[in-house]
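Close look at the chain arrangement
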Amino acid sequence: MADAVAVARAGAAAAPGAMAAGPGSGRDALEVSWVQGFSNKNFGFINNQTVCYPRGNYILFLDLETKKTTALQCETGPVGAFAANASSEVVAFSDRKLNPIIHIHHFPELNKLTELKGSAQLDYTLLAFSFTGPYLASYSSIPEFVLSVWNWQENILLCSESQPGITATSLSFNPINWQQLCFVGESSVTIWHIERIKDEHHLKRNPVELPDEQGSISPHEDLFFPVSRSDDPYHGPDLPVSAIAGLVGDEAETFVPRNSIKTFVHPTAYCWTATSEIYMGCKEGYILAIDADKHSVSILQPKPPPEYMQKISDVVSYVRREVQKKKGGKLNDLQKPIFSMAFCNEGLYAAGRDGILLFYHIKDLQYEMKVCADISQPISSLIFSPDYASLLLATDQGPVYSYKPAHSGEAVKLLDTCSSCFLAADFLTPGNKYCVSVTVAGEVQVWLLEDGTCLGKLNLDTEATAMACCPSSNSVAVGTRRGQIYFLDVTKAEAPRVVHRIFLSDFPVLSLHYDQSGQFLIARTTEGHVFILDARPSKLFQVLGYIVLADEVLDLSVVSDFKNDLVEVMVLLNVAEVQRARLEIFCLSSAITTDNDKCVNDQGMFNASVLKNKQYELDYPLRSAVKLKDNIVYGYCTCAPFICKYHLSEENMSEDPPVFSSEQRIPSNQFGSGFLCVSPNSQWLAAAAKDGVLFIYNTSTMDILAQKHCHSYQGGGIRSVTFSMDGNFILVNDANDGALVCLKWKKIKKTEVEEATFYWQSLLDTLNKSISDENVVLKSMAEWQFDPGSTSKSLAEEKFKEASLKSPGVDGTEEDGNVTNTNDMTWIGQKIQKVIREETQRFANQKEELQTGIKKLRKTIQKMMHENEQVPDIEKLEHQEFNLDMEEQEKLQAEAEQEVARARKEIEMENLANCYLQDFIKYECWDAMCVKGCAVKCFHMDCEVKNYPLQERSKEELETLGKVLRLKDSETADLKVQKEDLEAEAETEEEGEKEAKAVADDGESFCLIGSLSSQYGGDTSILYHQRDLHTKEQRVNQIVLLKDIIYKVKTAFNKEFDIVAQQKEQEIARVKERNLRIREILEQLGLQVEVWEPTLTDDEMPERALTVQDSEIKAEKFLTQEEKEKAEMLAKLEMEKRLAATDDDRLRALDDMMGGVLEVRKEDILKMEIPPPPFISKPEDLWNDEEKRLFGEYERKVKELNEEKEEYKQTLENEWKKLEASIQETTRNFDETVCKLSERKVKSDMVIYQEELKIVNLTCDLLLDEELDTREAGLYNCLTKKKKEKVKKAKTILTAKNKVDAYTATYKDAVDEEKNLERRFPKQFADIPDDLFDELFQLYSSRPKNPRTEILLDTANPYGNCSDSEDYKDALTLLMKAMDELDSPEHMPEGLEQSTWEKFCQARRNKMESEELVKWKALKLAEMQAFFQRRTDENEKMKSQIENIFKELTWLQEKKMKLQQNLIVQFVLKQGQVELKSTEIPDYSDAILIKKSVVEELNSSILTQGEKKIAAIIEFKEFSRGIRQLEWEHKKMRMQIEDLKEKARDIVILPISKDCQLFLTVLNYDSHIAQHIAGMEETLRFMDKLHKKNVKNHQKKIGELKKCIRLKEEANYELSLQLKEMLVSVSERRNIFEAADTRDISEKITRQRYQEILKQKNLRDLIKEQKEEFESLQSELEILRARRPPHI
């Protein structure tokens, strides 16, 4: 592999574009010579010195020592997912097509081992090989998102699992245990366990809970099954958020509210450790340690440094934070995230964007960090070689560094590559040895055509846009986005250098083209500029000139005419007006290089006569076009997939410009936009398009010579195609996949090769002298030095942004024509600058004269304007009269008018929006109200009452209300009929008790209803009773009725409000009438007193806010000219009317004679004056008698008039006071009315709030009921899923059990076989001596050491100590190889025959094979048993979950029944009615709400039973007293008996008996005896009589007791009848309950009924016991009576 370059093909499918070409279409005519490109995103080791990576349609294998590249091609398109396995030296990749396939190839042969066909429809995103075993994991993208595990050696899909919607970023096996997979997403990590039982494999998902962005780790909270649940007796049980949100189904189980969503850390890199742990770096800067077995996460913390180091670290951290704050950055930015990791025996290596390689020594979740290397470039990935001798550091820019941990040195650059995409490639003169490529990033590379070896490179540090190689020298031109062209010297392929740079324009260079003679370089830029440069280094790459084309340039083709020494340039233009293509052809002669000044104007533009432009119109729109030497043009059509052929003959040029039709249309098998490229000898035509397929046509016959699928549509298709001058090689590069492909002919006609070679040789013969001369000049040119200022990014961006705003003629100049910076100016700018400088020098005098005249004119105009300010206003001129530039003035006026129109339009639109908003608000808040909101205020108090604004109830609301009322009426009628039936049966109570109960019910109605709305206009009779709201329909109907009551309460208050409002208007009218009289009185009295006159405020008349009064407008009203004229005319007419009214002779005469009245009124008495006599002016002593008499009369009249005036004034003042008192009285009475209305409003608000509280409680109940239903539906859905899972698990368990049992039998057979082999050993060697047998038996028991362990212990691989016991055959093969040493003859005991030794060796091998088989089967059996146990545990867990769901469902049903019975009842209690002795509120959780009548009936029954019990106790007491008396008498009599017995004993002791004594003492003994007998008989008769009397009394008592017993029996009979009825009722209720399947009766009510039944039973037992006791007492009494002696 050192010198050879191999290219293999992967995939049997043909290219998409080649499907229609048919056989013999040249599919095998081209072959890939070599492929170049590098990818730092996804590469890996295939062995210790070779890395592989995908690039476009190829997988490249790069030898790190020889730097040689081998390519493996994917024929079906681009390479998708990719993975490499160094231990097996295999590579796996997927193609990117419909139903993609995973291909697996072996290195270095590159032969295909197998193809894996899965269920993926679009693409695979990830592939990963296992460290041990033939296992491969794949993950497909949308729509499946399936994780699959394969056995790639046997082409078997082991298991797969789908996880929809999860996008993966990385996937890897545990190197220690292939049965663990780490699946990493954008913000999630999942550990997949691969469980197997015999040949079945299963994937088990184990998600890992990552910490949040703050680094806190919180346990997972199951929102669907919360751990704790609170049960509020008022608000109901605490349900999950999914039930509250109303979610049912799978969404309910995964729903997470927004406030509970946490943003987790974002993994960026991770690696496995030797202990099956995972170290993971995060974007937030944390380093995590994940236990793959326990699925737990820990955050690694730095080990605390010593105290003195901690102080220094704190100071440094503080300084960094302060610097970061000043820079405006976040403090979190100081934590640098890790983007790549690699693990080894020593510890963990990590790197980030800062380019620093760090080493972490981790111990007990703490780490110590040290810096290993600093490469000053962002590191994208870290990869250890398979032998762990070196660590590769791949950077974002492309260079790869090598770091050897054992040497602990600096990182050494291993590969100086570039990861950017190739822009273009071309062949270096003479075209058969070297080629040059350039990337988008500006890196130029020189390649050896033979094997694609990179000989040299140069980085321009700028974005390149075009590149071309000069045919006349070894120079290369590179165009950039900033409009510059770099010229490179490549005479030394190993050391290319920049020798010159030209800054053409501010626009990017789109393409560069050399003519075949190497004389001209044509550069195409944007804006239709085409520059012509001298391509020879001897002319220092002089810019000859440029042309500007009117339309957009799509393509450019250059043809050299060596006979006429002309170069034809054909330009394809995009004409937007017509759907046709336009060609413009101009010729370049050598004259423009020799006499360039005559060919261009002062600005560098070519004269039209020099180029001889010709235009042609083509009938089809083209995307690309090329011209051959015989005026043949081929074009790639834009609208349809075909190639058009045109012949541009002079005969068809009758039109201007002529329109040419295509002579031939060749169908193309490509899709997408494409382009054409012609070979140097014009023999072959290449067509390339977006599909990535290259077609080669014969230009004479247009037959397909070759086709090659070298790139893909996903990679952007083919960007450029270039033929070598000898025609042997073709360079192809794509747009985005970053691969440069060199093709060479494999099958081609010999004549075509000879023609191409002949043309190449003839061209070289023509250019040899020029090449040698120009190369000498090129070598002598000094290397161009990069100017940081001219190539800086900021300058480039600034120029690029200004390019679209500035014209080329004003760049880099000042007003006076001086150059600011010539180095930074474009070539066009320098030309324009030169022209401006020459014109400035030529017209300097005229310019100075014009400037002087302008200054004088300015001073004159300023003086005239100053004089204009001093003259009167009527003589002043407008400012515009002094404006000499009328055009500029009109322009400014037009701009001002446009600005005014724009502002007016904006204002109009804003006013329109405000008007719409006003109308909307007015409609919603005013027009839609049937009762407008207003207020009533007091006259003298700060009291205000507002009404209730009401909207008109909609038709739907009224229909709903009517429906509910009809339903309620029918229910009320039904209940009334039932009540009448019950009352007819229970008419046993007294009328007084009924009246008392009715009064009590009336008093309790407000309390039970829960509001006082019936007193304020609401009808509460239509409501359901609060204790009867058990169903959802009843609650909804109750809400409708409550809303109706609220509406009626508001309506009732509004009626009272309207009355008061009208009353206020009337009062104000009365006050105004009285104020008129008061003003008249004040006017007559001549007093200036302010009269109080009330008015209605804006709150009382809200409609004022909708009308704008003229007085509210502060700005002057704008009137048009017509409105002004009309207003003046109306004012003139009004003045004429007033003058006509005042010009009346009759009124004027009446006013002069009698003051304007015909008679004197009483009101005018205060105005009357007595005229004094005429002699009043004379002195009093000169008066005569008549005058004195007249003066006396005058005084008398004056006195009388004054008295009348005083009397009238007093009358007016009294009237004034009365009017004011009347006003005060009426207004204060009105204020009292308003206060009462305010109290009424407060009470109405209270009632409304009471009803709204009911509505809120009912709404809460409905919501809670709905939440319970939702939760129940969600649990049933979850239960269904769990049952299905349980069925699957049960099947899996059954299958696993059967397999375990079957395999256990196999294992026992293997164990028995192994024991039989050991037993047969003595029999096999029974004929040898005992000493030899003992020695053989010892050798029979000896075992070789494990060679694999010894080999792995010597390596640096941290995962090397893991044992691979997956394949029994491999393990047995290794063991047999280790047995070869023990089977050697040197270990044979002395005296043993060779045949016996061979027999012994075979027997030992058989024994070891049997032991290995038993060991392998034991491991398999243990694994199967573990699988079976795990499935059993999961099944038990599933059972527990199902049981928990059943329990919660039962609990939910109980809660629903309880909530249906446990209603919220609202009471209205008077203040002080409920009093508590202490501040502690009792616990009413177990309280039951019952009706008061029930309690009273129960109390009355308890009192009755109590009285009966007391009577029975008294009777028992009296009876017990008699018994005690009888007992006392009995005791007394017994004592008397004992006394008599003692006396008898004494008599017995005496020797003389009584009889003897009587006989001795009594004289008449016989008579005495007879008398005694008679007395005894009398006593006996008396006792008999007494006994009969007592018997009669006792019989009478027995009769009374029997009567009482009979009454008790009748009562018991009635109770038994009631019991039967109750049993029947219970049976009926049970039947109803079973039929309706409801549980409306709560548990408490059932328990209460049960307690009542127990009480009745206990009472029956007590009666029975008392009856038995009474009978026993009665029997004892009879016995006592029988024993009692008769009274003496």
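Residues numbered from 1 in each chain as written. Predicted model: local features only at pLDDT ≥ 70, side-chain atom pairs only at ≥ 80, totals over all residues. Heavy atoms only, no water.

1. Remarks on the overall build of the protein chain
For the protein chain, the count of helices and strands is 25 helices and 65 strands. The burial tally for the protein chain puts 39% of its 1688 residues in the buried class. Considering only residue pairs separated by 6 or more positions, the protein chain has 57% of its internal contacts joining residues 24 or more positions apart. As displayed, the protein chain offers around 99,700 Å² of accessible surface, 53% of which is attributable to carbon and sulfur atoms. (Helix = DSSP H or I, 4+ residues; strand = E, 2+ residues; numbered from the N terminus. Buried < 20%, exposed > 50% of the residue type's maximum accessible area, 1.4 Å probe, protein only. Contact = heavy atoms within 4.5 Å. Areas by Shrake-Rupley, 256 points an atom, 1.4 Å probe, with all protein chains shown as cover.)

2. With respect to the sheet that holds strand 18 (residues 200-208)
Here we have four strands laid out as an open sheet, ordered 15-16-17-18, and antiparallel in their pairing. The open sheet is flanked by strand 15 (168-173) and strand 18, the only strands paired with a single partner. Pairwise comparison of adjacent strand axes, ignoring direction, gives a mean angle of 20° for this sheet. Alignment of strand 15 against strand 16 (residues 180-185), held across five bridges, turns out to be antiparallel. If you follow S172 over to strand 16, its bridge partner there is C182. In the packing of helix 21 (residues 1394-1461) onto the sheet, the strands contacted are strand 17 (189-197) and strand 18, and the crossing angle to strand 17 comes to about 120°. (Pairing = 2+ DSSP bridges. Axes fitted to C-alpha atoms, helices over the stretch in contact; angles between N-to-C directions.)

3. A closer look at the side chain of K1299
Structurally, K1299 can be placed in helix 17 (residues 1185-1324). For K1299, the side chain forms a polar contact with the side chain of E200, separated by 2.8 Å. Leaving out residues up to four positions away in the same chain, K1299 has contacts with I197, K198, E200 and M1424. (Polar contact = N/O pair within 3.5 Å; in protein donor to acceptor, adjacent residues only side chain to side chain.)

4. Some details on helix 14 (residues 1032-1085)
End to end, helix 14 covers 78 Å across 54 residues, agreeing with the expected 80 Å (1.5 Å per residue, within 8%). Note on helix 14: the residue one or two positions beyond its end, G1086, has a positive phi of about 75°. (Expected span 1.5 Å × (residues − 1).)

5. As for the pattern of salt bridges
Scanning the model with the defined rule gives 47 salt bridges in all. Between K1064 and E1100 there is a salt bridge, with the nearest N and O atoms lying 2.3 Å from each other. With K1064 in helix 14 and E1100 in the loop between helix 14 and helix 15 (1121-1142), this pair connects stretches of sequence that are 36 residues apart. The shortest N-O distance in the salt bridge between R1271 and E1448 comes to 2.8 Å. Of this pair, R1271 sits in helix 17 while E1448 is found in helix 21, placing the two residues 177 residues apart along the sequence. Sharing partners across several salt bridges, the network here consists of E195, K204, K1289, R1430, R1431 and E1434. (Salt bridge = Lys/Arg side-chain N within 4 Å of Asp/Glu carboxyl O.)

6. Some remarks on unusual backbone geometry
Omega for the bond connecting F107 with P108 falls within 30 degrees of zero, at 10°, which places this linkage in the cis form. Note that P108 resides in the loop between strand 9 (101-106) and strand 10 (111-117). Residue P430 is reached from T429 by a cis peptide bond, and omega for that bond is 10°. The residue P430 is located in the loop between strand 34 (422-427) and strand 35 (434-439) in this model. The backbone of N99 shows a phi angle near 55°, a positive value even though the residue is not glycine.

7. Observations concerning the nonpolar core
Residues L288, M341, Y349, L357, L382, L391 and L393 are the most contacted members of the largest nonpolar core, which totals 52 residues. A per-element tally of this core places strand 28 (residues 356-363) first, with five residues. Residues in contact with L357, not counting those within four places in the same chain, are Y349, A350, A351, K370, V371, C372, A373, L382, L391, L393 and Y403. (Core = buried A, V, L, I, M, F, W, Y, C linked by side-chain atoms within 4.5 Å.)

8. Focus: the pairing of strand 56 (residues 684-689)
Every other side chain in a regular strand lies on the same face of the sheet, so the side chains alternate between the two faces. The buried fraction of strand 56 is high, at six of six residues. Of the two faces of strand 56, the one lined by W684, A686 and A688 and the one lined by L685, A687 and A689 are each fully buried. Bridge analysis of strand 55 (residues 674-678) against strand 56 gives five bridges, and the strand direction is antiparallel. Looking across to strand 56, one finds that L676 is bridged to A687. The hairpin turn running from strand 55 into strand 56, its antiparallel successor, is five residues long, and S682 in that turn takes a positive phi close to 60°. Note that strand 56 and strand 57 (residues 693-698) share five bridges and pair antiparallel. Each bridged residue has a counterpart across the sheet, and for A687 the counterpart in strand 57 is F695. Counted between consecutive antiparallel strands, the loop separating strand 56 from strand 57 contains three residues, among which G692 sits at a positive phi close to 85°.

9. Digging into the packing of aromatic side chains
Inspection of every chain in the model, using the stated rule, returns 30 aromatic pairs. Their ring planes at 35° and their centres at 6.5 Å tell us that F1053 and F1057 sit as a pair that is tilted. Placement of the pair is F1053 and F1057 together in helix 14, with a separation of four residues, close to one helical turn. Between R665 and the ring centre of F642, over which it is positioned, the NZ or CZ distance is 5.4 Å. (Phe/Tyr/Trp six-rings, centres within 6.5 Å; stacked < 30°, edge-to-face > 60°. Lys NZ or Arg CZ within 6 Å of the ring centre and 35° of its normal.)

10. Overview of the sheet that holds strand 42 (residues 509-514)
Within a sheet, each strand pairs with its neighbour through backbone hydrogen bonds, oriented either parallel or antiparallel. Taken together, four strands build an open sheet; the order of strands is 42-43-44-45 and the sheet is antiparallel. The sheet is open, and its two edges are formed by strand 42 and strand 45 (543-548), each paired on a single side. Within this sheet the neighbouring strands show an average axis-to-axis angle of 20°, counted without direction. In terms of strand pairing, strand 43 (residues 520-525) meets strand 44 (residues 529-534) through five bridges, oriented antiparallel. Bridging from a neighbouring strand, R524 pairs with V530 of strand 44. Against the sheet, helix 9 (residues 827-842) contacts strand 44 and strand 45, and its axis sits at roughly 95° relative to strand 45.

11. Considerations on the packing of helix 9 against helix 10 (residues 844-870)
Running from N to C, helix 9 and helix 10 cross one another at 70°; their axes reach a closest spacing of 5 Å. Classified by the angle between their axes, helix 9 and helix 10 sit roughly perpendicular to one another. On helix 10, the residues touching T840, Q841 and R842 of helix 9 are A844, Q846 and K847. Classifying every residue of the contact of helix 9 with helix 10 by side-chain character gives one nonpolar, three polar and two charged. (Parallel < 35°, antiparallel > 145°, perpendicular 65-115°, else oblique. Nonpolar A, V, L, I, M, F, W, Y, C, P; charged D, E, K, R; others polar.)

12. Points about the pairing of strand 45
Along strand 45, five of the six residues are buried, which leaves the element largely enclosed by surrounding structure. Where strand 44 and strand 45 come together, five bridges link them in antiparallel fashion. Within strand 45, the residue paired with H529 across the bridge is V548.

13. Some points on the confidence of the model for the protein chain
Predicted confidence across the protein chain gives a mean pLDDT of 80, with 85% of residues reaching 70 or more. Within the protein chain, strand 39 (residues 475-480) carries the highest mean pLDDT (92), whereas helix 8 (residues 793-803) carries the lowest (37). Here residues 1-24 scores under 50 on pLDDT; set against residues more than four positions off or in separate chains, the count is 63 contacts. Long-range and interchain partners of residues 1348-1354, a stretch whose pLDDT sits below 50, account for five contacts in this model, where long-range means more than four residues apart. (pLDDT = per-residue confidence, 0-100.)

14. Description of the side chain of R524
Within the secondary structure layout, R524 lies in strand 43. Buried charge R524 goes without a salt bridge, the closest partner of opposite sign being D555 at 5.5 Å. From its side chain, R524 meets the backbone oxygen of V553 in a polar contact 3.1 Å long. Contact partners of R524, with chain neighbours within four places excluded, come to P508, V509, L510, S511, H529, V553, L554 and L556. (Lys, Arg positive; Asp, Glu negative; His and termini not counted.)

15. Examining the environment of E463
Within the secondary structure layout, E463 lies in the loop between strand 37 (454-459) and strand 38 (464-469). Ignoring sequence-local partners within four residues, the contact set of E463 consists of V440, T480 and R481.

16. Some points on the environment of V777
With respect to the helices and strands, the residue V777 is situated in helix 7 (residues 750-780). Along the chain, V777 and S538 lie 239 residues apart, while their C-alpha atoms are 5.9 Å from each other. Sequence-distant contacts of V777, defined by excluding residues within four places in its chain, comprise P537 and S538.

17. With respect to the packing of helix 14 against helix 17
Between helix 14 and helix 17, the least distance of the axes is 9 Å, while the angle of their chain directions is 170°. When the axes of helix 14 and helix 17 are compared, the pair comes out roughly antiparallel. In terms of residue class, the contact of helix 14 with helix 17 is made up of 27 nonpolar, 10 polar and 20 charged.

18. Looking at a negative patch on the surface
On the surface, D885, E887, E888, E890 and E895 cluster together to form a negatively charged patch. Mapped onto the elements, E895 comes out in helix 11 (residues 886-927). Judged by its relative accessible area of 41%, E895 falls in the partly exposed class. (Patch = residues over 30% accessible without salt bridge, like charges linked within 9 Å, V, L, I, M, F, W, Y side chains within 5 Å. Charge placed at Lys NZ, Arg CZ, Asp CG, Glu CD.)

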